[in-house]
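Below, each chain spelled out in residue letters.
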Amino acid sequence: MVIVGAGGHGLATAYYLARNHGITDVAVVERGWLGGGNMARNTTIIRSNYLLDESAGIYEHALKLWEGLAEELDHDLLFSQRGVLNLAHTPQDVRDGMRRINANRLNGVDAEWLTPEQAREFCPILNISPDSRHPVLGGTLQRRGGIAKHDRVAWAYAGAADALGVDLIQDCEVTGFTTAGGRVTGVRTTRGDIGAGRVALAAAGHTSVLAALAGFRVPIQSHPLQALVSELLEPVHPCVVMSNAVHVYVSQAHKGELVMGAGIDSYNSYAQRGGFHVIEHQMAAALELFPIFARARVLRTWGGIVDVTPDASPVIGRTPVDGLYVNCGWGTGGFKATPSSGWVYAHTIATGEPHPLNAPFSLDRFTTGALIDEHGAAAVAH
Amino acid sequence: MLLIPCPWCGPRAEIEYRYGGQAHVAYPPEPAALTDAEWAAYLFLRDNPKGPFAERWCHAAGCRRWFNVLRDTATHEIHFSYRAGERP
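Predicted model, so just to flag it, every value in this text is computed and none were measured.

### Looking at the pairing of strand β4 (residues 52–58) of chain B
Residues and elements named next belong to chain B.
Argument step 1. With 5 of its 7 residues buried, β4 lies for the most part within the structure.
Argument step 2. Judged from the 3 bridges that link them, strand β3 (residues 18–22) and β4 form a sheet pairing that is antiparallel. Opposite Tyr-19, over in β4, you have Trp-57 as the bridge partner.
Argument step 3. In terms of strand pairing, β4 meets strand β5 (residues 66–72) through 7 bridges, oriented antiparallel. Residue pairing in the sheet places Cys-58 in a bridge with Trp-66 of β5.

### Quick look at the nonpolar core
All names here are of chain A.
Argument step 1. Of all hydrophobic cores here, the largest spans 78 residues; its most connected members are Tyr-16, Trp-66, Tyr-157, Phe-177, Val-199 and Leu-324.
Argument step 2. With residues up to four places along the chain from it excluded, the contact list for Val-199 reads Val-2, Val-4, Phe-177, Val-184, Gly-186, Val-187, Gly-323, Leu-324 and Tyr-325.
Argument step 3. The next biggest cluster of nonpolar side chains, apart from the first, holds 25 residues, and it includes Leu-87, Leu-114, Ala-286 and Phe-293.

### A few points about the domain arrangement of chain A
All names here are of chain A.
Argument step 1. Each domain of chain A was delimited in the assignment, giving domain 1 (2–75 + 149–219 + 310–378) and domain 2 (84–143 + 221–308).
Argument step 2. The C-alpha centroid of domain 2 is placed 27 Å from the C-alpha centroid of domain 1.
Argument step 3. For the domain 1 and domain 2 pair, buried surface summed over both sides reaches about 2500 Å², with 52% attributable to carbon and sulfur atoms.
Argument step 4. Summed over the three residues of domain 1 that lose the most area to domain 2, namely Arg-41, Asn-49 and Leu-51, the buried surface amounts to 25% of that side.
Argument step 5. Where domain 1 meets domain 2, there are 0 salt bridges.
Argument step 6. Joining domain 1 to domain 2, the criterion identifies 11 residue pairs in polar contact (both at pLDDT 80 or more).
Argument step 7. Secondary-structure elements contributing two or more residues to the side of domain 1 that touches domain 2 are β3 (45–46), α2 (53–73), α6 (207–214) and α10 (375–378).

### Considerations on the pattern of salt bridges
Argument step 1. A full pass over the atoms with the stated rule returns 16 salt bridges over all chains.
Argument step 2. For A:Glu112, the salt bridge is made with A:Arg143, and the minimal N-O distance between the two is 2.9 Å. Here A:Glu112, found in strand β5 (residues 112–114), pairs with A:Arg143, found in the loop between β6 (138–142) and β7 (146–147); they are 31 residues apart in sequence, far enough to count as distant.
Argument step 3. Given the relative accessible area of 24%, A:Glu112 is considered partly exposed.
Argument step 4. Looking at A:Arg143, the relative accessible area reads 42%, which means it is partly exposed.
Argument step 5. Among the ionic pairs, B:Arg12 bridges to B:Glu16, the shortest N-O distance being 3.2 Å.
Argument step 6. For B:Arg12, a relative accessible area of 31% gives the class partly exposed.

Definitions and cut-offs
- Residues numbered from 1 in each chain as written.
- Chains lettered and ligands numbered in written order.
- Predicted model: local features only at pLDDT ≥ 70, side-chain atom pairs only at ≥ 80, totals over all residues.
- Heavy atoms only, no water.
- Buried < 20%, exposed > 50% of the residue type's maximum accessible area, 1.4 Å probe, protein only.
- Helix = DSSP H or I, 4+ residues; strand = E, 2+ residues; numbered from the N terminus.
- Pairing = 2+ DSSP bridges.
- Core = buried A, V, L, I, M, F, W, Y, C linked by side-chain atoms within 4.5 Å.
- Contact = heavy atoms within 4.5 Å.
- Domains from an automatic or database assignment.
- Buried area = accessible area lost by both parts, 1.4 Å probe.
- Salt bridge = Lys/Arg side-chain N within 4 Å of Asp/Glu carboxyl O.
- Polar contact = N/O pair within 3.5 Å; in protein donor to acceptor, adjacent residues only side chain to side chain.

So, in structure tokens, the structure goes:
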């Protein structure tokens, strides 16, 4: 088997193919280097408080795996369940938040409502003044949510997969697919052909390019998504705060940088960079919520290419080409799902049938109409 | 930030514009005659090339007219713009 893409999802898939299904005749091919795409560029937020049953299933499975992952992979992942606070700024945000809390609880996902005062107690640097441009009317809190160190996650999965016999091949770009009678027989790469009975795409923003080589289309638009870090600061920010309405999400990394993510740039792009006005917009919102950030300096900004679907939910399953599978469409929020994405994708590839958790996320839902519309819970800050 | 040439107003900063995605996607003449797969393709499938891409922009904070741009999605280089209804 060949997995295309050695990001978090591709590496996790390789690990679970070996661990759960005993399949070790696997090559993970990567055009760049291990974990060097969106895995190195995301803001590392982990949560499972999505609205719909299908999403709760797959994201909560991920969170449960996160809770035992450092021990399983024998690697300190700096997984910190410091709580994720989603702010509400309008009466409609309040109603949506409360509805989501009820939906979460029905699905066994921890969730609670905080008043503005409780929110400030949980995050003392939060500005809850009613005079603010986007006043805080409350927020939803998932205490089990938090952050992890993305690079360590990639390396832990890579190391564990490697130890089980999986081949990891870097600097190896897929340039085409070989097929016979409508079935995939291997991949063509910049370093030669590899024969494979099954090929699994895990290429995020480049999925459309690969699908075109294989002769089918995916409902994906690739956009830049930017983020930034500040210089190193004393610990001031104890949790993760997200605000969909004002397009910002903030945490403080273990080392001390404030980590902030923006909304996507509007246009299609594969360039891994975006416009500075998007960063400026995000900083304006962040300063309103956290006046204490006014003297912090931006150390670095960057961009990744995110694969956005029409319903803000991923696609995991079969394609029109027999033996070729796709896992894409995680858009702005794939990091948190890394463990379960790998888990269910490995099941799908190994057995030829989707795992119950990813069956609803098939490519044909766009034809049947059974969309999984998570724009509310995903929004910009997926 | 992109510097986008509006066919009527000339080059202006990206913040004056709104993005409209792939250009030249026509509404199906007989929607009811389409299969589910064809209708789904019209609704949900858009080209997403790495390279030259014909796309729509609206000069929202200017003349408020829609037009088309041929832009490279790998480099952000804008080759040219042209008015709605025209072909490159």
